[in-house]
Amino acid sequence: LETLKTFMPDVAGWTKADVGGTQMTIPFPTSHAQGHYTMGNSHVTVEITDSTFAQMLIAPLSMFMTTGYEEQTPDGYTKSAAVGGSPGFEKWQKNSKHGEVTAIVAKRFIVVAQGDQIDSVDVVRKFVESIDLNKLAQAK
């Protein structure tokens, strides 16, 4: 858990409010770190989960990461998108100004950035890309 916390990014212009986390052993061992960021009325939450290769956590996300996956709604979209060289997907809801970017790193780590009252999905993408995903992939 402490290792995951060290991967919480520092992003220019954003205030890191707090970093916390949890560890669980049942039904399978996982660690989860979470950081909260603010800039004016905008909020971003970054979560890094070590799934310890538990497919129960990864499998539900795999549909969104299929190359070419895209879902359009009147308010936004969900689509597959590589993030920092890792498979992932992004979601955008323009009316609520809510964005989410998810990356699966080394088939083990789930990295999610969600933002509210942001200008575009690029804001949360910047948070994920500010994490050293290659170093995370090698974490023990």
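Keep in mind that what you see is a predicted model, and the values were worked out from it rather than measured.

Calculation notes
Residues numbered from 1 in each chain as written. Predicted model: local features only at pLDDT ≥ 70, side-chain atom pairs only at ≥ 80, totals over all residues. Heavy atoms only, no water. Helix = DSSP H or I, 4+ residues; strand = E, 2+ residues; numbered from the N terminus. Rg over C-alpha atoms; globule rule 2.2 N^0.38 Å. Buried < 20%, exposed > 50% of the residue type's maximum accessible area, 1.4 Å probe, protein only. Areas by Shrake-Rupley, 256 points an atom, 1.4 Å probe, with all protein chains shown as cover. Lys, Arg positive; Asp, Glu negative; His and termini not counted. Charge placed at Lys NZ, Arg CZ, Asp CG, Glu CD. Core = buried A, V, L, I, M, F, W, Y, C linked by side-chain atoms within 4.5 Å. Contact = heavy atoms within 4.5 Å. Pairing = 2+ DSSP bridges. Axes fitted to C-alpha atoms, helices over the stretch in contact; angles between N-to-C directions. Phe/Tyr/Trp six-rings, centres within 6.5 Å; stacked < 30°, edge-to-face > 60°.

## Observations concerning the overall build of the chain
Right, on to step 1. Of the regular secondary structure elements, the chain holds four helices and eight strands.
Right, on to step 2. Relative to a compact globule of 140 residues, whose C-alpha radius of gyration would be 14 Å, the chain shows 15 Å and is just as compact.
Right, on to step 3. Each of the three principal axes of the chain carries a C-alpha extent, and together these read 40 × 35 × 25 Å.
Right, on to step 4. Looking at the chain residue by residue over its 140 residues, the buried ones come to 44%.
Right, on to step 5. In the form shown here, the chain has an accessible surface area of approximately 7,500 Å², with 52% of it arising from carbon and sulfur atoms.
Right, on to step 6. When the 12 positive and 15 negative side-chain charges of the chain are each reduced to one mean point, those points stand 5 Å apart.

## Structural notes on the nonpolar core
If you look at soluble globular proteins, the nonpolar side chains tend to sit buried side by side.
Right, on to step 1. Val44, Phe127 and Leu136 are the most contacted members of the largest nonpolar core, which totals 29 residues.
Right, on to step 2. Of all the secondary structure elements, the ones that give two or more residues to this core are β2 (30-39), β3 (42-50), β7 (98-105), β8 (109-116), α3 (121-129) and α4 (133-137).
Right, on to step 3. The element that contributes the greatest number of residues to this core is α3, accounting for five residues.
Right, on to step 4. If we ignore the near neighbours within four places in the chain, the residues touching Phe127 are Pro9, Val11, Trp14, Tyr37, Val44, Val46 and Ala113.
Right, on to step 5. Among the nonpolar cores identified, the runner-up in size contains nine residues, and Met65, Ile104, Ile110 and Val112 belong to it.

## Quick notes on the sheet that holds β3
Within a sheet, adjacent strands bond to each other through the backbone by hydrogen bonds, running parallel or antiparallel.
Right, on to step 1. Spatial strand order, β1-β2-β3-β8-β7-β6-β5-β4: eight strands in an open sheet with antiparallel pairing. The sheet is open, and its two edges are formed by β1 (15-24) and β4 (70-73), each paired on a single side. Pairwise comparison of adjacent strand axes, ignoring direction, gives a mean angle of 10° for this sheet.

## Here's the deal with the packing of aromatic side chains
Right, on to step 1. If you walk through the whole model with that rule in mind, you get two aromatic pairs.
Right, on to step 2. Ring centres 5.2 Å apart and planes at 80° place the aromatic pair Trp14 and Phe127 in the edge-to-face group. Pair noted here: Trp14 is in the loop between α1 (2-5) and β1 and Phe127 is in helix α3, with a separation of 113 residues, a long-range link. Neither residue differs from the other here; Trp14 and Phe127 are each classed as buried.
Right, on to step 3. Look at Tyr37 and Phe127: their rings are 4.9 Å apart centre to centre, the planes differ by 65°, and that puts the pair in the edge-to-face class.

## Observations concerning the pairing of β1
Right, on to step 1. Pairing geometry for β1 and β2, over nine bridges, is antiparallel. Along β2, the bridge assignment pairs Met24 with Thr30.
Right, on to step 2. Connecting β1 to the next strand, β2, in antiparallel fashion are five residues.

## Description of the environment of Ala139
Right, on to step 1. Tracing the sequence through the fold places Ala139 in the segment after α4.
Right, on to step 2. Overall, Ala139 belongs to the buried group, its relative accessible area being 11%.
Right, on to step 3. Between the C-alpha atom of Ala139 and that of Asp50, which follows or precedes it by 89 residues, the distance is 9.6 Å.
Right, on to step 4. Excluding residues that lie within four positions of it along the chain, Ala139 makes contacts with Thr3, Phe7, Arg108 and Phe109.

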